[in-house]
Amino acid sequence: GAGVSQSPSNKVTEKGKDVELRCDPISGHTALYWYRQSLGQGLEFLIYFQGNSAPDKSGLPSDRFSAERTGGSVSTLTIQRTQQEDSAVYLCASSPRTGGNSPLHFGNGTRLTVT
Amino acid sequence: AQSVTQPDIHITVSEGASLELRCNYSYGATPYLFWYVQSPGQGLQLLLKYFSGDTLVQGIKGFEAEFKRSQSSFNLRKPSVHWSDAAEYFCAVGADGGTSYGKLTFGQGTILTVHP
């Protein structure tokens, strides 16, 4: 079956521009996560959508970052006024249920380069 | 809040040699533990997981991991490494309590290089 799909796979943008990154989770998956992977930094949690509950936004690094999940399916991560330090791979993952014991299914990520 | 430490940033082994990747976690209760593998340009793939019960868990691709509560460790092992195992490996801990509910916290990753 189809896995988690992210688009675009690569994005180059100029400093100060806004970008939108898209994630299509596995159909029926309740939970959706965004992580950021910077070189040598591991995976940094950004935001977690847990079904109908309010999202956990505790990992968003600044108010330039926001995310939404429409209709419990597709999610968009928006970065406003991009900075060079935003350059990273942004990974989306979904899970069939909420809870810490539910394995995540990852997309291949969007590589963002801010020039 | 939970945390994960992978002490080795980069490990090099010869093909056919045994492998052990270290992972230490910090969490107040019984953790949910995972190992993921990431090939270049790809997302992360689940290798194995531990929730409870038998402390030695088997995963895909011939990997296994052992949960040792006394050492707060969850080391990944493979008896004989293949060249295709070259990748980056991530240990993660999941939580069901408090502000960390549902979140997976990942270690920094260990890059595995396999020499022919």
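Here, every reference points to the structure presented above.
Keep in mind it's a predicted model, so treat the numbers as computed, not measured. (Residues numbered from 1 in each chain as written. Chains lettered and ligands numbered in written order. Predicted model: local features only at pLDDT ≥ 70, side-chain atom pairs only at ≥ 80, totals over all residues. Heavy atoms only, no water.)

*Asks:* In this structure, what is going on with the pairing of strand S12 (residues 110-115) of chain B? I would like to understand it.
*Replies:* A regular strand carries its side chains on alternate faces of the sheet. Residue and element names in this part refer to chain B. The alternating pattern of S12 places Thr110, Leu112 and Val114 on a buried face and Ile111, Thr113 and His115 on a face that is not buried. Pairing of strand S2 (residues 10-14) with S12, which is carried by 5 bridges, proceeds in the parallel orientation. Its bridge partner being in S12, Ile11 is matched across the sheet by Leu112. Sheet analysis places strand S10 (residues 87-94) next to S12, joined by 3 bridges and oriented antiparallel. Within S12, the residue paired with Glu88 across the bridge is Ile111. (Buried < 20%, exposed > 50% of the residue type's maximum accessible area, 1.4 Å probe, protein only. Helix = DSSP H or I, 4+ residues; strand = E, 2+ residues; numbered from the N terminus. Pairing = 2+ DSSP bridges.)

*Asks:* I keep staring at the nonpolar core and nothing clicks. Help me out?
*Replies:* Note that soluble globular proteins tend to have their nonpolar side chains buried in a common cluster. Ranked by internal contacts, the top residues of the largest apolar core, which has 26 residues, are Leu19, Trp35, Leu47, Leu48, Phe74, Leu76 and Tyr89 of chain B. Within the residue set of this core, elements represented by two or more residues are S2, strand S3 (19-21), strand S5 (32-38), strand S6 (44-50), strand S8 (64-68), strand S9 (73-78), S10 and S12 of chain B. When residues of this core are assigned to their parent elements, the largest contribution, 4 residues, is made by S10 of chain B. Formed by 20 residues, the second largest nonpolar core is a distinct cluster that contains Leu32, Ile47, Leu60 and Phe65 of chain A. (Core = buried A, V, L, I, M, F, W, Y, C linked by side-chain atoms within 4.5 Å.)

*Asks:* How should the interface of chain B and chain A be read in this particular structure?
*Replies:* One widely used convention gives an interface's size as the accessible area the parts lose upon coming together. On the side of chain A, 23 residues touch chain B, which itself brings 24 residues to the contact. Summing both sides of the interface, chain B and chain A together bury roughly 1,700 Å²; the carbon and sulfur share of this comes to 53%. At the surface where chain B touches chain A, the tally comes to 1 salt bridge. One salt bridge in this structure joins Lys103 of chain B and Asp56 of chain A, with 3.6 Å as the shortest N-O distance. Inspection of the region where chain B meets chain A yields 5 residue pairs in polar contact (both at pLDDT 80 or more). Secondary structure elements with two or more residues in the side of chain B that touches chain A: S5, S6, S10 and strand S11 (104-106) of chain B. When residues of the side of chain B that touches chain A are assigned to their parent elements, the largest contribution, 4 residues, is made by S5 of chain B. Tallied by class, the residues present in the side of chain B that touches chain A amount to 11 nonpolar, 9 polar and 4 charged. (Contact = heavy atoms within 4.5 Å. Buried area = accessible area lost by both parts, 1.4 Å probe. Salt bridge = Lys/Arg side-chain N within 4 Å of Asp/Glu carboxyl O. Polar contact = N/O pair within 3.5 Å; in protein donor to acceptor, adjacent residues only side chain to side chain. Nonpolar A, V, L, I, M, F, W, Y, C, P; charged D, E, K, R; others polar.)

*Asks:* For this particular structure, what's the right way to read the environment of Arg22 of chain A?
*Replies:* All names here are of chain A. Mapped onto the secondary structure, Arg22 falls in strand S3 (residues 19-24). Here Arg22 falls in the partly exposed class, since its relative accessible area comes to 38%. With 87 residues separating them along the chain, Arg22 and Gly109 place their C-alpha atoms 9.7 Å apart. Not counting residues up to four positions away in its chain, the partners in contact with Arg22 are Ser5, Gln6, Ser7, Trp34, Val74 and Ser75.

*Asks:* Explanation requested: the packing of aromatic side chains in the structure shown.
*Replies:* Centre-to-centre distance and the angle between the planes together describe a pair of aromatic rings. Under the criterion given, the structure shown has 15 aromatic pairs over all chains. Seen from their ring centres, Phe34 of chain B and Phe51 of chain B are 5.8 Å apart, and the 70° between their planes marks the pair as edge-to-face. With Phe34 of chain B in strand S5 and Phe51 of chain B in the loop between S6 and strand S7 (56-58), the pair connects residues that are 17 residues apart, well separated along the chain. Classification of Phe34 of chain B by relative accessible area gives buried; the value is 0%. Residue class for Phe51 of chain B comes out partly exposed when judged on its relative accessible area of 24%. Considering the side-chain rings of Phe63 of chain B and Tyr89 of chain B, the 5.6 Å spacing of their centres and the 45° angle between planes classify their relative orientation as tilted. Taken together, the residues span a long stretch of sequence, with Phe63 of chain B in the loop between S7 and S8 and Tyr89 of chain B in strand S10 at a distance of 26 residues. Summarising the burial analysis for this pair, Phe63 of chain B and Tyr89 of chain B share the class buried. Taken together through their ring pairs, the aromatic side chains of Tyr33, Tyr35, Phe45, Tyr48 and Phe106 of chain A together with Tyr32, Phe34, Tyr36, Phe51 and Phe106 of chain B make up a single cluster. (Phe/Tyr/Trp six-rings, centres within 6.5 Å; stacked < 30°, edge-to-face > 60°.)

*Asks:* What am I meant to see in the state of the cysteines here?
*Replies:* The term disulfide refers to a covalent linkage connecting the sulfur atoms of a pair of cysteines. All names here are of chain A. Applying the stated criterion across every chain yields a total of 2 disulfides over all chains. Across the disulfide from Cys23 sits Cys92; the S-S distance is 1.9 Å. Of note, the bridge from Cys23 to Cys92 carries an S-S torsion of about -65° and is left-handed in sense. Residue Cys23 is located in strand S3, and its partner Cys92 is located in strand S8 (residues 88-95); the two are separated by 69 residues in the primary sequence. Just as Cys23 is buried, Cys92 falls in that class too. (Disulfide = S-S within 2.5 Å.)

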